[in-house]
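Survey of secondary and tertiary structure
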Amino acid sequence: GNSVTQMEGPVTLSEEAFLTINCTYTATGYPSLFWYVQYPGEGLQLLLKATKADDKGSNKGFEATYRKETTSFHLEKGSVQVSDSAVYFCALTGGSYIPTFGRGTSLIVHP
Amino acid sequence: KAGVTQTPRYLIKTRGQQVTLSCSPISGHRSVSWYQQTPGQGLQFLFEYFSETQRNKGNFPGRFSGRQFSNSRSEMNVSTLELGDSALYLCASSRLTSGGSSYNEQFFGPGTRLTVL
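First, a word on what this report is: a plain description of the structure on this page. Not measured: the values here are computed from a predicted model. (Residues numbered from 1 in each chain as written. Chains lettered and ligands numbered in written order. Predicted model: local features only at pLDDT ≥ 70, side-chain atom pairs only at ≥ 80, totals over all residues. Heavy atoms only, no water.)

Topic: unusual backbone geometry
Omega for the peptide link from G9(A) to P10(A) comes to 0 degrees, which places this bond in the cis form. Residue P8(B) follows T7(B) across a cis peptide bond; omega there is -10 degrees. Counting through the fold element by element, P8(B) comes out in the loop between β1 (5-7) and β2 (10-13). Within the chain, K60(A) stands out as a residue other than glycine whose phi angle is a positive 55 degrees. On the secondary structure map, K60(A) appears in the loop between β7 (56-59) and β8 (62-65). Judged by its relative accessible area of 55%, K60(A) falls in the exposed class. For T80(B), which is not a glycine, the phi torsion comes out positive at approximately 45 degrees. (Helix = DSSP H or I, 4+ residues; strand = E, 2+ residues; numbered from the N terminus. Buried < 20%, exposed > 50% of the residue type's maximum accessible area, 1.4 Å probe, protein only.)

Comments concerning the state of the cysteines
Tallied over the full model, the rule gives two disulfides over all chains. In this model C23(A) forms its disulfide with C90(A); the gap between the sulfur atoms is 2.0 Å. Residues C23(A) and C90(A) share a disulfide whose torsion about the S-S bond is about -65 degrees; that sign makes it left-handed. On the criterion of sequence distance, the pair formed by C23(A) in strand β4 (residues 23-26) and C90(A) in strand β10 (residues 86-93) is long-range, its members being 67 residues apart. Exposure remark for C23(A): the relative accessible area of 0% places this residue in the buried category. Of the residues examined, C90(A) reaches a relative accessible area of 1% and is grouped as buried. A sulfur-sulfur distance of 1.8 Å marks the disulfide that ties C23(B) to C91(B). (Disulfide = S-S within 2.5 Å.)

Next up, the structure:
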């Protein structure tokens, strides 16, 4: 079946540091890939997505590139802010139509 | 456009009771999915409804059931509650692409926090 593996957290950074959260996946066919963000006390919100190989999703300074050759979709941001502190989920949807989510990576940004 | 709404937001029940959670999707969205989120297991898919029919189901016991109404609103029911059912239950709605080849992005509600004592 499909699976998504994310790096363990928490990731703790100082403001303006560079962020990378690794995500790799296993899926049949050609899945769509997503990053969702969950702020405390809220549901998940879509951060960015990519629907085919080599697509780059971007939003609010975050970027991720769909790498089929390495089955990866790593999330990056050049300069994080305190307001970016949240839990980030990598997810995929594929032929099974059942979305598969990673375990989530908590990001803590200190001033 | 109003977002996904879930009621109630918080619920406390005791073991053996049953509970019904409600979800109203974004207007025009016909697909509604339910998830259970716990610290230990993360986000786990329960089931998905489309046009009042259950299309997909995750690996949960039969105590977990759901339904969808003609206006796309959905309810989830858990019978004979166990301590391990304590979780945040999230509902998400989606507008399917033509042909239904895969999900579009999902729009999540704020969740219902269920505590079983």
